[in-house]
There are 2 protein chains.
Amino acid sequence: MASTLEMQRDVSARETGTLIGSDKVEGTAVYRSNEDRVGTIKRVMIDKLSGKVGYAVMSFGGVLGIGDDYYPIPWSLLTYNEKLGGYEVNITEDQLKDAPKLSDHENWSYEGRGRESELLDYYGTHPYW
Amino acid sequence: MASTLEMQRDVSARETGTLIGSDKVEGTAVYRSNEDRVGTIKRVMIDKLSGKVGYAVMSFGGVLGIGDDYYPIPWSLLTYNEKLGGYEVNITEDQLKDAPKLSDHENWSYEGRGRESELLDYYGTHPYW
């Protein structure tokens, strides 16, 4: 177990000018542009072959991990906002309501590029491959 | 806090056919091709803009995080080996001895592409940008 002091020291190792550590992304809060907190980044999904991030998984709602909903969010939509101390994502309430959702995180259904295309289309971003 | 049961359930959510969760990569053991364990993946460093993994950080040696050495390893060198249950990296003892090292993880020195080019050159891989 890392001590609090060690964790604090460790922070400087987790970000450079252009790069960010995966463990720094995980747990980072996500806000809408109106500064409402929408959720937390759970993990990023990395393409094994190309090493490119397909999407981030945002957890939303629930208490202590029970009943969370999981949303895949295209990486390109996440913009770090220093003032908010988290990612700012320009998602409207309506967009989020109908967004592709991983309602049961045991049943990971974003296999294949068909589903990923669907996701990128939904948010109006471009595929990464 | 997630229960053990929840963590077990969670594993299935951390890998798909082509994608792998960042939190599954972190903590994964790294072996040489002769099956000697060399270290553990600490984190992956992601390019904020492109969403592409620059390199993984492997910790090596030390006990309970004290005295670890940190090595940046190009993502393309990591091949998952199911039998070993970890990444197989074709690094010789000699290569590791002289490999670019982050000896003090408070002093993250892989800023800029000059240093990254150096890293990729060392391992004879190609830049990702």
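What counts and how
Residues numbered from 1 in each chain as written. Chains lettered and ligands numbered in written order. Predicted model: local features only at pLDDT ≥ 70, side-chain atom pairs only at ≥ 80, totals over all residues. Heavy atoms only, no water. Helix = DSSP H or I, 4+ residues; strand = E, 2+ residues; numbered from the N terminus. Buried < 20%, exposed > 50% of the residue type's maximum accessible area, 1.4 Å probe, protein only. Contact = heavy atoms within 4.5 Å. Areas by Shrake-Rupley, 256 points an atom, 1.4 Å probe, with all protein chains shown as cover. Pairing = 2+ DSSP bridges. Salt bridge = Lys/Arg side-chain N within 4 Å of Asp/Glu carboxyl O. Polar contact = N/O pair within 3.5 Å; in protein donor to acceptor, adjacent residues only side chain to side chain. Phe/Tyr/Trp six-rings, centres within 6.5 Å; stacked < 30°, edge-to-face > 60°. Lys, Arg positive; Asp, Glu negative; His and termini not counted.

Draft legend 1. Focus on the overall build of chain A. From N to C terminus, chain A includes four helices and seven strands. Moving toward the C terminus, one meets the helices and strands of chain A in the order α-β-α-β-β-β-β-β-β-α-α. Within the span of chain A, comprising 129 residues, buried residues form 48% of the whole. The contacts in chain A between residues at least 6 apart in sequence include a share of 42% that link residues at least 24 apart. Summed over all atoms, the accessible surface of chain A reaches about 6600 Å², with 50% contributed by carbon and sulfur.

Draft legend 2. View of the pairing of strand β2 (residues 29–32) of chain A. All names here are of chain A. The alternating pattern of β2 places Ala29 and Tyr31 and Val30 and Arg32 on opposite faces, both of which are buried. Both β2 and strand β3 (residues 37–47) contribute to a ladder of three bridges, which runs antiparallel. Across the sheet, Tyr31 pairs through a bridge with Arg37, a residue of β3. In this structure, the hairpin formed by β2 and β3 is closed by a connection of four residues, where Glu35 is found at a positive phi of approximately 75°.

Draft legend 3. Seen up close, the pattern of salt bridges. All names here are of chain A. Under the counting rule described, the total for this entry stands at four salt bridges over all chains. Note that Lys83 is salt-bridged to Glu35, the shortest N-O span being 2.9 Å. Within this pair, whereas Lys83 is found in the loop between β6 (79–81) and β7 (86–89), its partner Glu35 is found in the loop between β2 and β3, the two being separated by 48 residues in sequence. Overall, Lys83 belongs to the exposed group, its relative accessible area being 70%.

Draft legend 4. A look at the side chain of Lys52 of chain A. Residue position: Lys52 of chain A is located in the loop between β3 and β4 (53–60). In this structure the side chain of Lys52 of chain A is engaged in a polar contact, spanning 2.8 Å, whose partner is the backbone oxygen of Ser50 of chain B.

Draft legend 5. Expanded view of the packing of aromatic side chains. All names here are of chain A. Tallying each qualifying case throughout the model produces four aromatic pairs over all chains. Ring centres of Phe60 and Tyr71 lie 6.0 Å apart, and the angle between their planes is 70°; this geometry places the pair in the edge-to-face category. Of the two residues, Phe60 sits in strand β4 while Tyr71 sits in strand β5 (residues 69–74), which places them eleven residues apart along the sequence. Ring geometry for Tyr80 versus Tyr87: centroids 5.5 Å apart, planes at 85°, classification edge-to-face.

Draft legend 6. Examining the environment of Lys52 of chain B more closely. In this structure Lys52 of chain B comes out as buried when scored by relative accessible area, which is 19%. Through-space distance from the C-alpha of Lys52 of chain B to that of Trp75 of chain B is 9.8 Å; in sequence the pair is 23 residues apart.

Draft legend 7. Spatial organisation of the pairing of β3 of chain A. Most of β3 of chain A sits inside the fold, with eight of its eleven residues counted as buried. Where β3 of chain A lies against β4 of chain A, six bridges are found, and the strand directions are antiparallel. Bridge pairing in β4 of chain A links Thr40 of chain A to Ser59 of chain A. The turn joining β3 of chain A and β4 of chain A, which pair antiparallel and follow one another in sequence, is formed by five residues; a positive phi near 70° is taken by Gly51 of chain A. By the bridge criterion, three bridges tie β3 of chain A to strand β1 (residues 19–21) of chain B in an arrangement that is antiparallel. For Asp47 of chain A, the partnering residue across the bridge sits in β1 of chain B and is Leu19 of chain B.

Draft legend 8. Representation of unusual backbone geometry within the structure. One non-glycine residue, Glu35 of chain A, lies in positive phi territory at about 75°. Glu35 of chain A sits in the partly exposed class, given a relative accessible area of 42%.

Draft legend 9. Representation of the side chain of Glu26 of chain A in the model. Tracing the backbone through its elements, the reader meets Glu26 of chain A in the loop between α2 (22–25) and β2. Comment: no salt bridge for buried Glu26 of chain A; closest opposite-charge side chain is Arg43 of chain A, at 6.9 Å. Here Ser22 of chain B takes part through its side chain, which lies 2.7 Å from a polar atom of the side chain of Glu26 of chain A. For Glu26 of chain A, the contacting residues outside a window of four places in its chain are Ile41, Lys42 and Arg43 of chain A together with Ser22, Asp23 and Glu26 of chain B.

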